[in-house]
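Topology and contacts: notes
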Amino acid sequence: MKKIHGAGTAAAKGQKTAGSEASRKHSSGRRLLCVLLMGAVLAGCAGPSTRVIVRSETGSNHELPEEIPVLEEVNPYYIQESLTVLSETSRYGGSRGERDAVKYIQQLLGDYGYQVEIQRFRYETEFGVRTGTNVEAVREASSRDSDILVICSNHDTAKESPGANNNGSGTAAFLETARLLSRIPTDTELRFVSFAQCGRERLGARHYVESLRKRERERIVGVVELDQMGHVSDDEMVLGTVDGGSVYTGDLLRTVSRKVLGDSWPYVCRTEGSIGAFVRDEIPAVSISQKWNGYENGTPLDLPETVDVEQVAQTVDVICGMALEMMSTDTPSMMAKAHSYNDRDYAFVQKKDTPAWFGESPEFVQTETGRTGILNGINTDASGRQVEKYQFRMKWFDVDQIILTDYYFTDGGLSLISLEGEEAGIEFDDMKERITELYGEPIGENSGPNGTEYDWTDPVYHKFFALIPETEGYDLEIREYWTDKTVYEQRSPKGQILASEKEDPRCDVLSDLIFDILPEDGDEIIESVSYYTDGIGGSAGYVEYGNENADGTSMSGIDGEGGQENSRFYWRMSVDLEDALDRTGNWRNRTETIRMFTGLYGEILEQSAILKQEDGSEQETYGAAFAARFPEAEEEPIPEAKKQPQAPVTRVGVAPGEAGEEAAPPDFKTAFQMYVLAERSEKAPESWSIRIDFFRQFEELEAYRSRVRTNLNMPSEVGAYAGED
């Protein structure tokens, strides 16, 4: 096999990798399985040869073999390099960092031989009109009617985060996959697309899909989105679809993951990411990601040191194995099979545990459901507010029939859902029975001119159902519903039941986790932990401080020496069951729940007295010591010179006065969360590392941190904070 190396930095990459015997030994055995999927065994290949194509002085490419009939090995060095380059700074939408990332992605994809185009679009933000940038790289097949396989990722980040794992890991895997597939024989057109996400509506993906012609959409047999996949705390990979169901490319990925890794990746319901934008236009799509996010997500600590490059490389192995099956010239077109997989009718299945998204915009609802609604009318209500009516094809209450469902958006926010069940052939009594099976007996019955109206509520997902008989047929209306919190149990920090209003096995799960996160002497600090719910999206948890019992009476103790009665102060912690675990007991987001519990204890610690005062001085709280050490942590007046930019802001997507500034330092609670949960790194911003290091001076907190990390089976440290020996 001919090896081709570029000049400068690129040449150094090729030389370093070609000479890396250790890397080849570490991964060649496992990765050979991926090659076997092509029916060819890779022999005598010293490493990747197409990382960068040598260019002549005139800028044209040197002559290269058009195709290489075997798949080269995944190169962890290239993945690591991409992570490092992409994570040099935040890639917040429209920032200099994002523009540099776009240039880097564009250059590499062009060097691999793809036809690369930049796609720009404009969108509104609170700071005005901004510009988003997508990068598309195409490798055409010989036929203009060939299947199309789209592999995509998003390259931007949270505002103050370098985004090594979220989503530098997915983008690095995207680039390595593009390199490996750039010379493989194919009868399938390959498209690699890197998106600017631009908020919850995934505007980058949506703009790309809208730019596709009808025939292009029909030719796409699958979209595979590469999301964050390399954090050292989680090695469990999942396949995401908008409804948790299977798709053709997903099933291929499951087959290959079982062959390559010995583990068949499971499907989960995932509405975040770009896949919803494709599914809206009946394009089958699946995402690949870790099951849980890293604790550093969205912070300046999301650095390359937190990413397991070998894990990313394993994922690339699986992606390439799936792609080889679809690219093989021996396989027929997958177009019909992919689009009719499982005879899908592209109606969204509204399950019991699916939110209704009240208050959200039409664009957001369409992205979350992966379905495009038809705008059927615009009107004005009695208060003069604009009301838009969209119609969706949906399935409700475990009914297999498609029910045309009207969504009403008042001033841009979802306010009412109305179902036309009878037109789908569902009689009034049948609909009543199906709702009762899911939500229990009606909470209300009201007599009306045409019969009895029945009402149900879902306090978890904030839905109110009204089944109303009409002269002809019936109406089923769904509105937003909120209720007061329901308390299940009250326990000690060690899990002893103190009071029980309503038994729920999920209390046991959360009690075990709280015991793992609180200090061993937690019952000396916290009187009780209450398990309650006010539904999804309310308060996930909080702590209270006082000197009253639960019934409002004073809590007091007797001083042994003076015999005087003194008030005893305590802490109470409250945790929402539904925000942590779904009704079947599965975690909604285990990472966020652990972060929340750690943050709640941080709030308590902030107001707690330091256990040991080495200088013998009067006791002070940890929070007071933190504030004294970092007085700038308190809000300071902004100098007049910084309030207004000296010239018009030119960095797209960056707020006035914020361009080029370092990430804001963390407050006590955030610093404590990262001290306990984040992986230590020498490259953390100094304003963060010195605040995190503040806690390391206290032996009791070092012991606490060690206990929590052991209980959570967290990996050993991968680096060291600035200032550590």
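The rules behind each value
- For every chain, the first residue of the written sequence is number 1, and numbering continues from 1 along that sequence.
- Local features in a predicted model are, by the rule used here, given only for residues with pLDDT of at least 70; side-chain atom pairs are given and counted only at 80 or more, and totals for whole chains, interfaces and linings are based on all residues.
- The basis for every side-chain value is the complete set of heavy atoms in the structure, and neither hydrogens nor water enter the calculation.
- Whether two strands pair comes down to DSSP finding at least two bridges between them.
- Strands here are runs of E lasting at least two residues and helices are runs of H or I lasting at least four, both read from the DSSP assignment and numbered beginning at the N terminus.
- As a rule, the C-alpha atoms of each element are fitted with a line to give its axis, helices using only the stretch in contact, and angles between N-to-C directions run from 0 to 180 degrees.
- We call two residues contacting when some pair of their heavy atoms lies within 4.5 Å.
- Each helix should span, by expectation, one fewer than its residue count multiplied by 1.5 Å.
- For every residue, the accessible area (1.4 Å probe, protein chains only) is compared with the maximum for its type, and the residue is labelled buried under 20%, exposed over 50%, or partly exposed between those bounds.
- Within this analysis, the arc is defined by the directions that extend from the helix axis to the C-beta atoms.
- Residues belong to one nonpolar core when they are buried, are Ala, Val, Leu, Ile, Met, Phe, Trp, Tyr or Cys, and are joined through side-chain atoms within 4.5 Å.
- Think of a polar contact as two N or O atoms within 3.5 Å of one another; within protein, one of them needs to be a possible hydrogen donor and the other a possible acceptor, and neighboring residues in sequence only count if both atoms come from side chains.

Regarding the sheet that holds strand S20 (residues 526-533)
Adjacent strands of a sheet pair through backbone hydrogen bonds, lying either parallel or antiparallel. The strand order S19-S18-S20-S24-S21 describes an open sheet built from five strands, whose pairing is mixed. In this open sheet, the two edge strands, each paired with only one partner strand, are strand S19 (497-500) and strand S21 (541-546). Between one strand axis and the next, the sheet turns through 20° on average, direction left out of account. By the bridge criterion, five bridges tie strand S18 (residues 486-491) to S20 in an arrangement that is antiparallel. Bridging across to S20, Glu-489 finds its partner in Tyr-531. Running over the sheet, helix H14 (residues 506-517) touches S18, S20 and strand S24 (570-576) and is turned about 50° from S18.

Focus: unusual backbone geometry
Each neighbour pair has its own omega, and for Asn-166 with Asn-167 the value is 0°, a cis peptide bond. Here Asn-167 shows up in helix H5 (residues 164-181). Residue Glu-282 is not a glycine yet carries a positive backbone phi of 60°. Here the phi dihedral of Asn-713 falls at roughly 55°; this positive angle occurs in a residue that is not glycine. One can find Asn-713 in the segment after helix H21 (699-711).

Quick word on the sheet that holds strand S6 (residues 237-241)
As summarised here, the arrangement of the eight strands in space is S1-S2-S4-S3-S5-S8-S6-S7, forming an open sheet in which the pairing is mixed. Where the open sheet ends on each side, the last strands, each with one partner, are strand S1 (115-125) and strand S7 (267-269). Across the sheet, the mean angle from the axis of one strand to that of its neighbour is 25°, orientation sign disregarded. Relative to S7, S6 is paired through three bridges, and the arrangement is parallel. Note on S7: the bridge partner recorded for Leu-239 is Tyr-267. Its contacts with the sheet place H5 against strand S2 (128-139), strand S3 (148-154), strand S4 (189-195), strand S5 (220-226) and strand S8 (285-290), and it is angled at close to 145° to S3. Contacts from helix H10 (residues 309-327) reach S2, S3, S4, S5, S6 and S8, with the element oriented near 160° to S3.

Let's talk about H14
Given a rise of 1.5 Å per residue, twelve residues ought to cover 16 Å, and the 17 Å separating the end C-alpha atoms of H14 matches this to within 8%. The set of residues buried in H14 consists of Arg-506, Cys-507, Leu-510, Ser-511, Leu-513, Ile-514 and Ile-517. For H14, the arc enclosing every buried residue in end-on projection is 165°, short of the 170-degree limit, so these residues lie on one face. In this fold, the buried residues of H14 make contact with S18, S20, S24, helix H15 (577-580), helix H16 (590-606) and H21.

Side note on the nonpolar core
By size, the foremost hydrophobic cluster in this structure holds 60 residues, and its most contacted members are Leu-109, Leu-181, Phe-192, Leu-226 and Ile-288. Per element, the largest residue contribution to this core is twelve residues, and it comes from H10. Excluding its chain neighbours within four sequence positions, the residues that come into contact with Phe-192 are Tyr-114, Val-135, Glu-136, Ala-137, Ile-151, Phe-174, Thr-177, Ala-178 and Leu-181. Counting residues in each nonpolar core, the second largest holds 52 residues, with Leu-513, Ile-526, Ile-610 and Met-674 among its members.

Observations concerning the environment of Glu-480
Within the secondary structure, Glu-480 sits in strand S17 (residues 474-480). Spatially, the C-alpha atom of Glu-480 lies 7.2 Å from that of Ser-415, the residues being 65 residues apart in sequence. Not counting the four nearest positions on each side in its chain, Glu-480 is found in contact with Phe-358 and His-462. A distance of 2.9 Å separates polar atoms of two side chains, one belonging to Glu-480 and the other to Trp-482.

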